[in-house]
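An overview of the molecular structure
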Amino acid sequence: MKKVVIIIVLGLLIAGGGIGGYYLWKQSRITIWSFVPDNSILVFEPNDFSYLWHPDEKRKIVKNLKSLPELDSVQQIINKLDSATNYRFSRVIDQGHLLISFHQNTNESLAALYLLEVEELQQHSLLSDLQQYLKDSLAFEQSERNYQNYLITEFKKDGTSLAYIFHKNYLIASFSPFLVEDAIRMIADDKVNTYQETELHVAEITQGPAGAGRCYINTNYFNKLAGIFANPVEIDTTPLKWLTHLMYLDLSFEDDKINLSGFAVNDTAKINYLSAFDGIRGVGFDMKNIVPASTSYVLHASVENVSLWHKGLKNYWRKHEPGQLTKIGELENRYDFDIREFYEFMANEVGYFVLESSRSYDSELIFCIEHKSKDLAVQFFESLGEKSNTDTTTYNETYADRQIKQIHIDDLPARLFGSMYEGFPTSFYFIDGSYVYFGNSQQVLETLIDDIDNENTWRRSVRTNDFLEITHEDANFSMYVKSNGALNQVGRKLNDNWAKYLEEHKPILSQIEYAAIQFTHVDGQYYTSVSLQHPGELIKQVKPKSFEVTTQQGFANNLISKPYAVRNHNDRTLEMMVQDEAFNLHLLDANLKPVLQIPLTEKLRSKIYQIDYYKNGKLQYLFALDKTIHMIDRTGTYIPGYPVKIKSKSPIAELSLIDYDNSRNYRIMAADQKGNYYLYNKTGKLLDGWNPKKLGSSPATLARHLRVQSTDYILMVQKNGIFQSLSRKGISKDGFPIDLKGPVSQDYFINKGSKPANTVISALTDLGELVSFNLAGVVTDRRQLVRESDSVTFSLVNSGTAKEFVVVKNDQTQLTFYNEVLVEQFSIELASNQLTFQYYYFGVDNQLIIIIDQSKKQGYLYNESGRLLHSQPLQVAYPMAVLYQESKGQYDLYCSSGNQLNIVSLKK
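Residues numbered from 1 in each chain as written. Predicted model: local features only at pLDDT ≥ 70, side-chain atom pairs only at ≥ 80, totals over all residues. Heavy atoms only, no water.

Turning our eyes to something else, we now look at unusual backbone geometry. Here Tyr-642 and Pro-643 are connected by a cis peptide whose omega angle stands at 5 degrees. Cis geometry marks the peptide bond from Phe-736 to Pro-737; its omega dihedral reads 5 degrees. The topology assignment puts Pro-737 in the loop between strand 36 (722–726) and strand 37 (738–739). Its identity as a non-glycine residue notwithstanding, Glu-455 has a phi of 55 degrees, on the positive side. Classification of Glu-455 by relative accessible area gives partly exposed; the value is 47%. (Helix = DSSP H or I, 4+ residues; strand = E, 2+ residues; numbered from the N terminus. Buried < 20%, exposed > 50% of the residue type's maximum accessible area, 1.4 Å probe, protein only.)

Given below as C-alpha cells:
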C-alpha cells in the first residue's frame, strides 16, 4: 500500500521528462479507462485524494486505520512530497483524474497500476522538481527501454523498480513493470476491458464518485483476490468468480463507520449467483432473534418465493457447478427426496451460522431453515432420517424439551442450497418455533438451545442489534460478520505471511467490530452495500485504567463467602447472595439492596445453585451445609422434604446439580470428605446404587455430568489421582477408572465431541502433568511441565463458559500462564503462595484472568495477552462474580471484603 503514492510521485516526476509526447496513441477516442488491463481485480477512483488521507472530527476512523504501517507510510510520503513542492503535488493529483488498478502480482501480494489524467500540462516545472527530488533525495537511477514502439522509463533502487509511460495528458505508472506493459497492450491491440462499458453506463445514471471515491470490482477475478490472502488448501475461492458481473461502490466515512454502497451489475447474457434472485423480493432478517451471541458470521438468504429461487439456483449450478446437480440427483434417487414436498413447508429465510471457536480447527456450524408448517416439516425430516439410517436404532435425544434427531446424509444443507453451506458430515436437527435447526454436532445444538432460552442472541445484544439496525432488512443475500470471533476464523484460512500480518496488527484490525455485505434486488439490478463499524477511537498505547466503585453495601458482620450471582425470576435482573460470619445468608437485588436474610447455623459447603423445582419459571436456591442439603424459595421458605441430611459421619466436600437432559428433573449429588457419593432425586429421595457409592478417596472437585450420543457419563476425580466415569446406576464405564499417576486437587476440562472417542478430558496433576483421555478410557496425551522444586505449584483454571482453560505455574516468585497444549502465553512477577485464580471467556479477544492474593486481600485483572488492566490493586478477599456489559465495554466486578460488598466497574 505504501507504494501507492510513491508510484504516483515517481510517475509524475518521470512524466516530466516525457511531457513532449514521445509517441501518438493509435486511437483519439481513448479515455483513461482504456489503459486499465482486462485482468484488473479492482479499480479505485478517488474523489478527493488529499481529503481521503486527512482525518477530521467526523472521520476519526481514518486516523485509526492509518495506524496500519502501510497506510501510515503513504501519508508520510505525501507529506514529504508536498513539503518539497509547496503543496503543489497534492493539487496536481486532486485536479487530475486518478485511477488505481489492483492486480495479482504473486500468490501472496497485490500489484497496483496508477493512471493519471492531467488537464493542465503547464505543470512542467512541478514535474521537473519532483523528478529532481527523486534523483537527488531518493537516489533512484533512471533508464529507458522500448516496448511495442512505446518508450518505458524506469527508475530503480535497491530492488525497487518504477516504470511509467506518458503520452499527451495520460500518465501510466507502476512498481510492477509488467502492468505498464499490460496497459500498452490494451491500447496497441485495441482491447476493450470489463470496466469501459460499465463505466459509461454508470456515468449515465450517476454524477461521478461520491464521498471519498468509487470502487469498481471485477468479480470475474475476485476469486484471485481471495486467493492472494488465503491458503488454497483451506478455502475454495471459485464460487466468488461467479457472484456477479461487476460492482461499483461509493466509499464514504463516518466517525465510527465505513460504508460502500452502489450496485452489482448483472450481464443479462450470462448467468451468475445473484441472477438466481432475479425478480424475487427479500422479506427480512427475523433470524437475528435466534442467532447465538457467540456467532462469528452469518450467511443469510431472504426470498418471498423459495421455489423460484431454487429454480434460479439450478440454472446457476447447471452453468457453473454441474456437480451440484449430481448431488441433488443422488438425494432424490437414493433417499426418495421430493423437492416439491420440501417447498410446501419451507418459508422465506435460510441461515448459516459459524460459531466462534478458538480451541479447535473444526468449526461449529448451524444451518437454519424457516418453515411455514411445523407438522409438514416434522413429517418430511423424520421420513428422510429413517431412509438415511441403515442402523436398526434411530438417534433421538430430548434436551430442554426439544427432540434432537439425526439424518445420516453428508452435507445435507450444501446438497440443498450449494457448496457455501457445506461442513456437515452428518446432520443433527430439531424443529422448534418457526425454524428447522441443523447442527454439525449434537453439542452445538444444545448450545443453541441454551442461548435461545437464555435470550443470549444477536437480537438481545445491544451493540450487535444497533449495528443490525443500520443494515438492510430486505436484502436478498447477506453476510454478517462479528469480528472478534471472525478474525480468529479468518486467521486459520490465511497463508503464512498474511496470518503473521494479521497477528501483528490484530489490535488495530479487531477494532472493526462488525461488517455486513448485502445484495438487494431492485429493478433488475442489485443494490449492494458494505458496512463496517468501528468504535471511532483507537488508543495505540493502552494504559491501565482506574476502578470505579459504583455501588456499596455494608453488613453488621464480616463476609465469609464470595458473592454468588442468581437471577430474579420476576424481572430477570441479576442479584447476589453472600454469607456473613454469623452464618446469615443475604439476598441482595441488582443495586445491592437487601431483599432477604436467611439465618443458617453453619458455613456454606458448596456453591449456590438455582433451580426451577416446580417447572413454572419460579426459581429456588440449592446449597449444602456441613451434613445437610437445603432448598429454599425466594421468600426463605423451605421446599417440602428439605433440608435433607446425608447418611455420613463425614462432612460434605462437594455438591453437584445434575440435569440429564435439561428437563428440570434434577439429580443432586453430595460427596463427603471420605469419597462417599450420594445421589438424590429432586425430592430428596436417595437413588439405588448411590447409598453411598464408595470411591475411597476425597473428591478433588465436584462431580459432573456429560451426555454424548444419548449416553450419560458421571465424571469424578479423587485427590489420589483416580479418575472415574460412572453410569447413572453408578457402574464404571469401560476403560475406567484411569490412574493419572499423581495427586489431584483441582478441576478438569471437558472438550465435548460428537462421540465418546473424540470427547477429550484434560486433567492436571499437582506435579504439573497434563493428562488427556477420551470417554472410551483411552489416554491420548501426556504433557509434563518442568517442576524445579517441591515449592512449585500448578493450577488448571476453567473459564466460566467451559470454552477454554489456562494452566498456571507458580514458583513463588513468578506466575507463568500456558494454553491448553502447554504453550507459554505470558508471565507475571508476583511472589505469594496464597493465590486463587479465576478465568472468564467473553470472546476470543475478550478474556479476563483474575489473580487474588489472599494474604494481602488484593486482586489483579489481566487480559488474554497478560496486560494488566488497572493501575491500582483491587481490594477483595474472595473470588469475584463478574459481569461484562458489551454495550459499555465494561466489566462489573462484585467484590466481598471485610463487611462490604461492592460493585466495581472497569473499562475493558
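As a further point, take the environment of Gln-511. Among the structural elements, Gln-511 can be located in the loop between helix 19 (506–509) and strand 19 (514–522). In sequence terms Gln-511 and Ser-483 are 28 residues apart; their C-alpha atoms lie 8.3 Å from each other.

What follows covers the pairing of strand 13 (residues 364–371). In terms of residue burial, strand 13 counts as a mostly covered element, since seven of its eight residues are buried. Strand direction decides the pairing type here: strand 12 (residues 346–355) and strand 13, joined by seven bridges, are antiparallel. Residue pairing for strand 13: Val-354 is matched across the bridge by Leu-365. Of the pairings in the sheet, the one linking strand 13 to strand 17 (residues 435–439) comprises five bridges and is antiparallel in character. Across the sheet, Ile-369 pairs through a bridge with Val-436, a residue of strand 17. (Pairing = 2+ DSSP bridges.)

Attention now moves to empty space enclosed by the protein. Enumeration over the complete set of coordinates arrives at one cavity of 30 Å³ or more. The space that makes up the largest cavity amounts to roughly 30 Å³. Contributing to the lining of the largest cavity are Trp-458, Thr-464, Phe-467, Leu-468, Tyr-480, Val-481, Tyr-514 and Ala-515. For the lining of the largest cavity, the secondary-structure elements that each account for two or more residues are helix 16 (462–469), strand 18 (477–482) and strand 19. For the lining of the largest cavity, the leading source of residues is helix 16, giving three residues. When its residues are assigned to classes, the lining of the largest cavity shows seven nonpolar, one polar and no charged. (1 Å grid on protein atoms, 1.4 Å probe; cavity = no way out; pocket = protein on both sides within 12 Å on 5 of 7 lines; lining within 4 Å. Points joined across faces, edges and corners; volume = space filled by probe spheres on them. Nonpolar A, V, L, I, M, F, W, Y, C, P; charged D, E, K, R; others polar.)

Here we come to the nonpolar core. Residues Trp-309, Phe-342, Phe-381, Phe-417 and Phe-438 are the most contacted members of the largest nonpolar core, which totals 84 residues. Dropping the residues within four chain positions of it, Phe-438 is found in contact with Leu-365, Ile-366, Phe-367, Ile-369, Phe-381, Ile-407, Leu-412, Phe-424, Ser-427, Phe-428, Tyr-429 and Leu-445. (Core = buried A, V, L, I, M, F, W, Y, C linked by side-chain atoms within 4.5 Å. Contact = heavy atoms within 4.5 Å.)

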